[in-house]
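Understanding the architecture of this molecule
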Amino acid sequence: MNEGRLDSFRYDDAIVRKFLVATFVWGLVGMLAGLLIGLQLAFPGLNFDVPWLSFGRLRPLHTNAVIFAFAGNAIFTGVYYSTQRLLKARMFSDLLSKIHFWGWQAIIVAAAVTLPLGFTQAKEYAELEWPIDIAITVIWVVFAVNLFGTIARRRERHLYVAIWFYIASVVTVAVLHIFNNLSLPVFPFKSYSIYAGVQDAFMQWWYGHNAVAFFLTTPFLGLMYYFMPKAIGRPVYSYRLSILHFWTIVFLYIWAGPHHLHYTALPEWASTTGMVFSIMLWMPSWGGMINGLLTLRGAWHRVAEDPILKFFVVAVTAYGMATFEGPMLSVKSVNALAHYTDWIIAHVHTGALGWNGFLTFGMIYWLLPRLFQTKLHSTRMAEVHFWLATFGMILYATSIYSAGLTQGLMWRAFDETGRLQFPDFVETTMKLMPMYWGRAIGGTLYVAGMLVFGWNILRTWQARPKVYDEPVIQAAPLPRAFHEPKNAGYAPGHAIPTSAWSRFTGLGWHRRWEGLPLLFTVMVIVAVVVASLFEILPTFLIRSNVPTIASVKPYTPLELAGRDLYIREGCFNCHSQMIRPLRHETERYGEYSKPGEFVYDHPFLWGSRRIGPDLAREGGKYPDLWHVRHMENPRALVPQSIMPGYAHMLRDPLDFPAIQNRVDAMAMLGVPYGDAVRDAPGAARAQAKEIGRRIVEQGGQAGLEDREIVAMVAYLQRLGTDIRKPAKVAVR
Amino acid sequence: MKLSEIMSHAGLSGYAEVALVLFLLAFVAVAIATFRPGASRAMDEASRLPFDDESANLPRPGDPR
């Protein structure tokens, strides 16, 4: 079979260098966007009254940029470097590698253009509209083919645990992306989710939580299991723990999503399931963290002088803190306080700045001299970067943790007469201002660290050789005809198992799976898909999960147009539409939200953070004119408000003919529009005229009936009013 | 009869306990198999894979000559 022939090949490091530079560039862009929106909360003037610079449109740009552009390119940097070496093979196709790189950067640019323009699906971390979603799918398949092609051509039979994490990430992200983004296109950059209300929320947070799991956790764990041992120069503390870590993470994570929807209109069994699985995640997460830290056994003295190890130690510690806090936040009683507050923002940033950021920095500092084949320009500057980023992160986290606790406690405070102690929402916002400034300073330090990092990368790159040395690697090919013997032990030389039990415990079967990456991949998909189906399907299939309410009717054509404006401006980034059945919430906002109220909401707009008050029962609270004035300049009515102004909505004409497409699409999704389908623009104009008349009556300006603002007012005045109406005809 | 009606009346709640037992068994199986003393040599070998890249052009022990 094998006559001692050795294959000769070279690793493709050019592609790794490309991804590395992209990681830095997009990281800086994404963090600057974050700094800007952080400052906008402390100083609303920074919205500049320019629509595409307002908080609601830039916040998704920040999250998408740091997750998919910064962390995404960091993942690809590490995966392309380590996969080739762990498998002793060049990437499957240089062309696919290049398509992957340029395609991904093009998607990022498309996101950076469309999000500020207000093209959004309104689902967190899945905001990008359908043409970009299709592009993401194509590029992700290119990446998957390239990765699995490399695995097929590998010259090392055993797949190292890092590769397992990569495989799980690639297949799970594909499943999540496709199912959460199923939508009906209305315009070239506008679509409606095929799911509505409770079901849409369930799909979204199944996706949302697993985007954290399989984009920000498992790929980075793979990187940890490769780059930490490399940087330390000794193998991982316990390879056994890493196997257990892998399978428990894959099995448990996929269930945890519903903890984002505690006390909402989601059925309680679902949110309890999510909570229980989240608590179980403590085990593998801490197992993994301890495994990472103990890899440093006997090398702790080197941490003092090696900035790379410092970055890794803080990264793994942050992983431990974030994954301790996550399950704690998933406990309902803790969640009741933390949900909708800055506590969640603080939690996310511990993970993102600490775990993803620091692991990326450590990895890149380790890669720089190897990829650019020279010395790192300055180790001292790396030290400076480390301390700037560490202090920045600590300042950010402490400020924003206090902000979250402060506001959460103020919301639920009652005075001795049994009334809300702070009935005025903006009072709780004002309290946060010093902490928002603290966060801005922390963020600035972190960005300053990035600049030092960039300078170090640039100077190291400048010192590169004229021509990179590409050493020829030789390795024996795997014999094609080889099959892992059914009865073998785990490794050659092990006792041949005799009984079924010893065959099982001999782990030969696991070895066979690893030798058959396709089967291994199928097992991972089974673990992920089965769990998802069992958790999600009941809300679609069992009627009692979403009881209908007879008086709840579809939005009128004008209200629907207003809802799309609400989505365009990103209002859901700061305003929830979900009142929890907690006394302080029903006191403050009104009757708690019911699942049946959202059956026509494609997509759902429950929100996840209350920077401003909840709007679920906004309808009828204020006169139309109040909304017009408030949207034009919030500070004219609420002097301390930090909401951006939307004066452009009083100027820009409403596109009435387009409303027909919106209504048609909704009807296609099963929303019972009835007669409205025939002349939606006509119905919208009639309602707009009525609202325009009311505004004048209340003392406002004339001529607003053909402007965007009337649609917005129509939508806001409708919110949450249906359950107060008598039910005339029962909805089927 | 619609699928949702069939599912609503099928009385599937007991399946949760079945799933719990299956999941627990799978976990115990992986745990036993992984932590069994006999696997330690293979585990050590696997854990050293990241260090195998630079020496890949040297014949490895066991390679046929």
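Residues numbered from 1 in each chain as written. Chains lettered and ligands numbered in written order. Predicted model: local features only at pLDDT ≥ 70, side-chain atom pairs only at ≥ 80, totals over all residues.

1. Focus: the overall build of chain A
Assigned secondary structure in chain A consists of 28 helices and four strands. What you see for chain A is a C-alpha radius of gyration of 27 Å, in line with the 27 Å of a compact globule of 732 residues. Projecting the C-alpha coordinates of chain A onto the three principal axes gives extents of approximately 90 × 55 × 55 Å. Residue burial in chain A is summarised as follows: out of 732 residues, 53% are buried. (Helix = DSSP H or I, 4+ residues; strand = E, 2+ residues; numbered from the N terminus. Rg over C-alpha atoms; globule rule 2.2 N^0.38 Å. Buried ≥ 20, exposed ≤ 12 C-beta atoms within 10 Å, placed from the backbone.)

2. A short note on the overall build of chain B
Within chain B, the regular secondary structure consists of three helices and zero strands. Going through the 65 residues of chain B one by one, you find that 15% of them count as buried.

3. With respect to the confidence of the model for chain A
Averaged over every residue, the pLDDT of chain A is 92; the share at 70 or more is 94%. Per-element confidence in chain A ranges from a low mean pLDDT of 61 for helix α19 (residues 508-515) of chain A to a high of 98 for helix α3 (residues 94-114) of chain A. (pLDDT = per-residue confidence, 0-100.)

4. Quick word on the packing of helix α1 (residues 14-42) of chain A against α3 of chain A
Residues and elements named next belong to chain A. For the pair α1 and α3, the least separation of the axes is 10 Å and the interaxial angle reads 10°. It follows from the interaxial angle that α1 and α3 lie roughly parallel. Contact residues: α1 offers I15, K18, F19, A22 and W26, while α3 offers S97, F101, Q105 and I108. For the contact of α1 with α3, the residue count by class is six nonpolar, two polar and one charged. (Axes fitted to C-alpha atoms, helices over the stretch in contact; angles between N-to-C directions. Parallel < 35°, antiparallel > 145°, perpendicular 65-115°, else oblique. Contact = placed C-beta atoms within 7 Å. Nonpolar A, V, L, I, M, F, W, Y, C, P; charged D, E, K, R; others polar.)

5. Concerning the nonpolar core
Residue and element names in this part refer to chain A. Counting 220 residues, the largest nonpolar core has V250 and A315 as its most contacted members. If one sorts the elements of this core by residue count, helix α2 (residues 55-87) sits on top with 17 residues. Residue contacts for V250: discarding those within four places in its chain leaves A168, V524, A527 and V528. (Core = buried A, V, L, I, M, F, W, Y, C linked by C-beta atoms within 7 Å.)

6. Some thoughts on unusual backbone geometry
Residue and element names in this part refer to chain A. That bond from H602 to P603 is cis: its omega, -5°, falls within 30 degrees of zero. When you line up the elements, P603 lands in the loop between α22 (583-589) and α23 (624-632). Even without glycine at this site, F48 takes up a positive phi of about 55°. In this structure, F48 sits in the loop between α1 and α2.

7. Digging into the packing of helix α12 (residues 307-330) of chain A against helix α15 (residues 379-411) of chain A
All names here are of chain A. Contact geometry for α12 and α15: axes closest at 9 Å, N-to-C directions at 20°. Compared by their axis directions, α12 and α15 come out roughly parallel. As for the relative orientation of α12 and α15, their crossing is left-handed in sense. Contacts from P307, K310, F311 and V314 in α12 reach T379, A382, E383, F386 and T390 in α15. A class-by-class count of the residues in the contact of α12 with α15 yields five nonpolar, two polar and two charged. (Left-handed = near helix turned anticlockwise from the far one by under 90°.)

8. Things to note about the environment of I232 of chain A
Turning to its location among the elements, I232 of chain A is positioned in helix α7 (residues 218-232). Considered as a pair, I232 of chain A and T295 of chain A are 63 residues apart in the sequence and their alpha carbons are 7.9 Å apart.

9. Some remarks on the confidence of the model for chain B
Residue and element names in this part refer to chain B. For chain B, the average pLDDT comes to 74, and 80% of its residues sit at 70 or higher. The element-level mean pLDDT for chain B is lowest in helix α1 (residues 3-9), coming to 71, with helix α3 (residues 40-47) highest at 86. Throughout residues 56-65 the model reports pLDDT below 50, and contacts reaching past four residues in sequence, or to other chains, amount to 10 contacts. Scoring the predicted complex yields pTM 0.92 and, for the interface, ipTM 0.78.

10. Structural notes on the pairing of strand β2 (residues 183-187) of chain A
In regular strands, side chains alternate between the two faces of the sheet. Residue and element names in this part refer to chain A. Judged from the four bridges that link them, β2 and strand β3 (residues 190-193) form a sheet pairing that is antiparallel. Bridge pairing links P185 to S191 in β3. Counting the residues in the hairpin turn of β2 and β3 gives two residues. (Pairing = 2+ DSSP bridges.)

11. Overview of helix α20 (residues 517-541) of chain A
Every α-helical turn comprises 3.6 residues, leaving residues that sit three or four positions apart pointing alike. Residue and element names in this part refer to chain A. When the terminal C-alpha atoms of α20 are compared, their 34 Å separation across 25 residues agrees well with the 36 Å that a helix rising 1.5 Å per residue should span. The largest bend in α20 is about 30°, located at F534, with the proline P538 one to four residues further on. Taken residue by residue, α20 has F520, V524, A527, V528, A531, S532, E535 and T539 as its buried positions. (Expected span 1.5 Å × (residues − 1). Bend = angle between axes of the 7 residues up to and from the residue.)

12. Observations regarding the environment of H262 of chain A
All names here are of chain A. The residue H262 is located in the loop between α8 (239-253) and α9 (268-280) in this model. For H262, a count of 23 C-beta atoms within 10 Å gives the class buried. Taking the C-alpha atoms as reference points, H262 and P547, 285 residues apart in sequence, are found 18 Å from one another. Aside from chain neighbours lying at most four places away, what touches H262 is S271, K332, N335 and H339.

13. Points about helix α14 (residues 342-371) of chain A
The principal kink in α14 of chain A, of about 30°, is found at G357 of chain A. Burial of α14 of chain A is extensive: 25 of the 30 residues sit out of reach of the surface.

14. Some details on the environment of A111 of chain A
Residues and elements named next belong to chain A. Within the secondary structure layout, A111 lies in helix α3. What makes A111 buried here is the crowd of 22 C-beta atoms within 10 Å. In this structure A111 touches N64, L128 and I132, once residues within four positions along its chain are discounted.

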